[in-house]
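Close look at the chain arrangement
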Amino acid sequence: MMSVHSHPKLCPSSPTSVTDLSQLLDACLENSLPRPALHVETLAEAASILRLNDLGSYTVPSRGLYPYQWNWDAALTAMGWAALDESRAFEELKALFSAQWEDGMVPHIVFHRACHTYFPGPEIWGTPEAPRGTTGITQPPVAVIAVRHIVENSMRKGRALEEARGLFGNLLRSHRWFYAARDPFNSGSVATLHPWESGMDNSAAWDKAMANVPVDDIPPYTRRDLGHVDASMRPQQAEYDRYLTLLYRFRELNYDPNQLYHVSPFRVTDLCTNSVLQRANYDLRWLAEELGFLESIPEIDNWLEKGHAAFEKLWDSSAGIFRSWDQITDQPLDAATSAGFLPLFARAATTEQAEKLVETLEKWMDNVNFGVPSLDPEEARFEPLRYWRGPVWVIVNYMIVDGLRHYGYDSLAERIETDTCDLVNTRGIHEYYDPITGAGAGGSHFSWTAAMCLAWLDKIPANSA
Ligand code: GLC
């Protein structure tokens, strides 16, 4: 039987429907066990969204708007699946890794089957060596973090570890790819060559770097995203022209990683990718120990050591936040974004930096009704509804809260958990939320937000949220 709740601190049960969930709540009350802050209806909705978006072995982020399998969505969604059906969670990851390139890259989108509601699709990417249709770029490597989460929360740890064993080689190769292809000079930070790789597509952090990307004479195209979501919530046309310019330039070079790094007019040290990779290295090390792959530990330790040191350059002590870096101009990027807090998730901040980050984050939270906004609300470019230029993203809240708890900032973590539970409980499960009004926006019935309800928010007792 499937289990929605696996957290020992909350009521043990195996609910699969709203009725089961109501019974669960009654049982909690009767036994005076902590009651989840997440409404039972929200939890049931989250489960039904994963099923709605399930296309067999993979889950689409949102039907219509994002009809294929996305890299970091798949990993985060697997964490949600694990609460319902652990084998399905591993199936999600296996479907993603079935498209891993020979050189180790895990592509940002896997085009498992044709769909005409998305642009740019496989015919535009025209990737050469993929075992199946994919894009030719990557996304933040969340997969290892998801595998550790699933194993640690599993009620059948032995079996979960066996599944993890089957994936370990793919995971290790994907990290090796990052260092070989994206850090050829061994700086400790890996480069991001396209805003889509950062997962935070139109972040204000990319404005300066994107201004240096010329717009080539690209074939005319029709955006499909605007058919699903209002233009006021999406990246602007000037950004799209540059996204496609980069794509066509990479395609021209057959996505050869040795050339891309050197010729891309957009090359940044993205805080999100580097924080996720650094954290994933800790989790990969943990997995290597659990599985007895001890021979890979020195290599991982080396990544951890040089990765840790590389964060220092990204710290802006006067602003009390980390900043992404433009590798082409060798300058910090100007916008303070929610990715600036992710070195907490990476365990890469010093205790003094963590203290400063908390002060900055509290200031941001005081300027909005629901945290965490994706851009500093005092910034002139702050737009509460435009994608990564202001809205709250539940997956980012998850990573920030994890980091805050690690550094011992429990009350700020609880404040963010309360906001996040309020958003999903009262506004439903959306792609992202307006930090001022709380309105749900972007795509609806969104998989990774649903997954975060099942993997994270369901574990928060009501009295703390
Ligand atoms: C958008 C987001 C990206 C996500 C994708 C699918 O492109 O910016 O992070 O992976 O949608 O949800």
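Note: the structure precedes this text.
Residues numbered from 1 in each chain as written. Predicted model: local features only at pLDDT ≥ 70, side-chain atom pairs only at ≥ 80, totals over all residues. Heavy atoms only, no water.

Observations regarding the pattern of salt bridges
- Taken as a whole, this structure holds 31 salt bridges when the rule is applied.
- Note that E289 is salt-bridged to R285, the shortest N-O span being 3.0 Å. Of the two residues, E289 and R285 both sit in helix 12 (residues 271–291), four residues apart, roughly one turn of that helix.
- For E289, a relative accessible area of 45% gives the class partly exposed.
- On the basis of relative accessibility, which here comes to 23%, the residue R285 falls in the partly exposed class.
- Within this structure, D207, E239, D334, E379, R381, E383, R386 and R389 form a network of salt bridges that share partners. (Salt bridge = Lys/Arg side-chain N within 4 Å of Asp/Glu carboxyl O. Helix = DSSP H or I, 4+ residues; strand = E, 2+ residues; numbered from the N terminus. Buried < 20%, exposed > 50% of the residue type's maximum accessible area, 1.4 Å probe, protein only.)

A closer look at the side chain of D201
- Along the polypeptide, D201 turns up in the loop between helix 8 (195–198) and helix 9 (207–211).
- We note that D201 is buried and unpaired, the nearest opposite charge coming from R234 at a distance of 5.7 Å.
- Look past the residues within four positions of D201 in its chain and what remains in contact with it is P195, W196, W206, Y243, Y387 and W388. (Lys, Arg positive; Asp, Glu negative; His and termini not counted. Contact = heavy atoms within 4.5 Å.)

Notes on the site of the ligand
- In the vicinity of the ligand, the residues found are P61, Y66, W70, W72, D73, Q139, G199, D201, Y387, W388, F446 and W448.
- Taking G199, its main chain carries an N or O atom lying 2.5 Å from an oxygen atom of the ligand.
- In the model, an oxygen atom of the ligand is placed 2.7 Å from a nitrogen or oxygen of the D201 side chain.
- Summarising the interface, the protein chains cover 96% of the accessible area of the ligand, which totals 310 Å² for the free molecule.
- Judged by its atoms lying within 2 Å of the grid points, the ligand is housed in the largest cavity. (Near = heavy atom within 4 Å. Polar contact = N/O pair within 3.5 Å; in protein donor to acceptor, adjacent residues only side chain to side chain. Areas by Shrake-Rupley, 256 points an atom, 1.4 Å probe, with all protein chains shown as cover. 1 Å grid on protein atoms, 1.4 Å probe; cavity = no way out; pocket = protein on both sides within 12 Å on 5 of 7 lines; lining within 4 Å. Sits in = over half its atoms within 2 Å of the grid points.)

Some points on empty space enclosed by the protein
- Here the structure, examined in full by the defined rule, presents four cavities of 30 Å³ or more.
- Space inside the largest cavity adds up to approximately 230 Å³.
- Around the largest cavity, the lining is made up of 21 residues, and of these Y66, W70, Q139, D201 and Y387 lie nearest the centre.
- Going through the elements one at a time, helix 3 (71–84) and helix 10 (237–252) are the ones with two or more residues in the lining of the largest cavity.
- A per-class count over the lining of the largest cavity returns 14 nonpolar, three polar and four charged.
- Approximately 80 Å³ is the volume attributed to the second largest cavity.
- Considering the residues around the second largest cavity, the lining is formed by 13 residues, among which N71, V106, P141, A143 and S174 are closest to the centre.
- Mapped onto the lining of the second largest cavity, the elements with two or more residues apiece are helix 6 (143–153) and helix 7 (157–182).
- Broken down by element, the residue count for the lining of the second largest cavity peaks at four residues, all from helix 7.
- In terms of residue class, the lining of the second largest cavity is made up of eight nonpolar, five polar and no charged. (Points joined across faces, edges and corners; volume = space filled by probe spheres on them. Nonpolar A, V, L, I, M, F, W, Y, C, P; charged D, E, K, R; others polar.)

Remember that the coordinates give geometry; whether it matters functionally is a separate question.
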